[in-house]
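Structural characterization, general
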Amino acid sequence: MTDVDYRPAAPPANGPSTANLADILERVLDKGIVIAGDIKIDLLDIELLTIRLRLFVASVETARKAGIDWWETDPALSSKAARSELREENARLRERLDELESADDGDASSSRTKAKAGS
C-alpha cells in the first residue's frame, strides 16, 4: 500500500450529525440565547429608518425564569387571556349602561317633578 492509496476516514462533508444538532438545540433552549441587532438606513447623513431587533430563544421554563411570559396575557395567543379581556370589557360596558340608565331615570323623574309643579 502506497501513501497515495491510503486515505484516512474523513468526517462527513454534509455537516454535524443530527444527534449533535439535537444536543445544541437542547442546550440553547435550556440556557437561552439572545440575538440582538440594529438596521440603520441613512441618506446623506439623514437617518431614514432604524430597526432594532432583539430575539430571545429559549424554552418556556427558561423564559419564565427570565421573567418573560407575555404569551400568557396576549389575547391573540391565549384563550384564557381572551376570556379575561372579554370579561373586563363586559364589566366596563355594564357599568356604562348602569350610568346611562341612572342618568335617564334622573331626567325622567325631574321631568315628572316639573310637570307636577306646573299643574
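Quick note: structure is the one above.
Calculation rules
Residues numbered from 1 in each chain as written. Predicted model: local features only at pLDDT ≥ 70, side-chain atom pairs only at ≥ 80, totals over all residues. Heavy atoms only, no water. Patch = residues over 30% accessible without salt bridge, like charges linked within 9 Å, V, L, I, M, F, W, Y side chains within 5 Å. Areas by Shrake-Rupley, 256 points an atom, 1.4 Å probe, with all protein chains shown as cover. Salt bridge = Lys/Arg side-chain N within 4 Å of Asp/Glu carboxyl O. Helix = DSSP H or I, 4+ residues; strand = E, 2+ residues; numbered from the N terminus. Buried < 20%, exposed > 50% of the residue type's maximum accessible area, 1.4 Å probe, protein only. Contact = heavy atoms within 4.5 Å. Lys, Arg positive; Asp, Glu negative; His and termini not counted. Charge placed at Lys NZ, Arg CZ, Asp CG, Glu CD. Polar contact = N/O pair within 3.5 Å; in protein donor to acceptor, adjacent residues only side chain to side chain.

1. What about a nonpolar patch on the surface?
There is a patch of nonpolar side chains on the surface, built from Ile39, Ile41, Leu43, Leu44, Ile46, Leu48, Leu49, Ile51 and Leu53 and spanning about 860 Å² of accessible area. For the nonpolar patch, the secondary-structure elements that each account for two or more residues are strand 1 (33-43) and strand 2 (46-57). The element that contributes the greatest number of residues to the nonpolar patch is strand 2, accounting for five residues. One can find Ile39 in strand 1. On the accessibility criterion, Ile39 (41% relative accessible area) is partly exposed.

2. A look at the environment of Ile33
Mapped onto the elements of the fold, Ile33 is located in strand 1. For Ile33, a relative accessible area of 35% translates into the label partly exposed. Each C-alpha atom of the pair Ile33 and Val57 lies 5.3 Å from the other, and the pair is 24 residues apart in sequence. Setting aside chain neighbours within four positions, we find Ile33 in contact with Val28, Leu55, Phe56 and Val57.

3. Quick notes on unusual backbone geometry
Of note in the backbone geometry, Leu44 takes a positive phi value of approximately 55° without being a glycine. Under the relative-accessibility criterion, Leu44 is labelled exposed at 76%. The phi angle at Asp45 is positive, at roughly 60°, despite the residue not being glycine. Here Asp45 is to be found in the loop between strand 1 and strand 2. Using a relative accessible area of 80% as the deciding quantity, one classes Asp45 as exposed.

4. Some points on the pattern of salt bridges
Counted according to the given criterion, the structure contains four salt bridges. For Lys40, the salt bridge is made with Glu47, and the minimal N-O distance between the two is 3.8 Å. With relative accessibility at 56%, the residue Lys40 sits in the exposed group. Glu99 is the partner of Arg96 in a salt bridge, and the nearest nitrogen-oxygen pair spans 3.4 Å. Remark: Glu99 and Arg96 occur in helix 3 (residues 79-118); sequence separation between them is three residues, near one turn of the helix. Note on Glu99: relative accessible area 46%, which makes it partly exposed. Because the salt bridges share partners, they merge into one network encompassing Asp38, Arg52 and Arg54.

5. A short note on a negative patch on the surface
Taken together, the side chains of Glu95, Asp98, Glu101, Asp104 and Asp105 present a region of like negative charge at the surface. Structurally, the position occupied by Asp98 is in helix 3. The partly exposed category is assigned to Asp98, whose relative accessible area is 48%.

6. Focus on the side chain of Thr62
Residue position: Thr62 is located in helix 2 (residues 60-65). A polar atom in the side chain of Thr62 sits 2.9 Å from the side chain of Ser59. Not counting residues up to four positions away in its chain, the partners in contact with Thr62 are Leu29, Asp30, Lys31 and Gly32.

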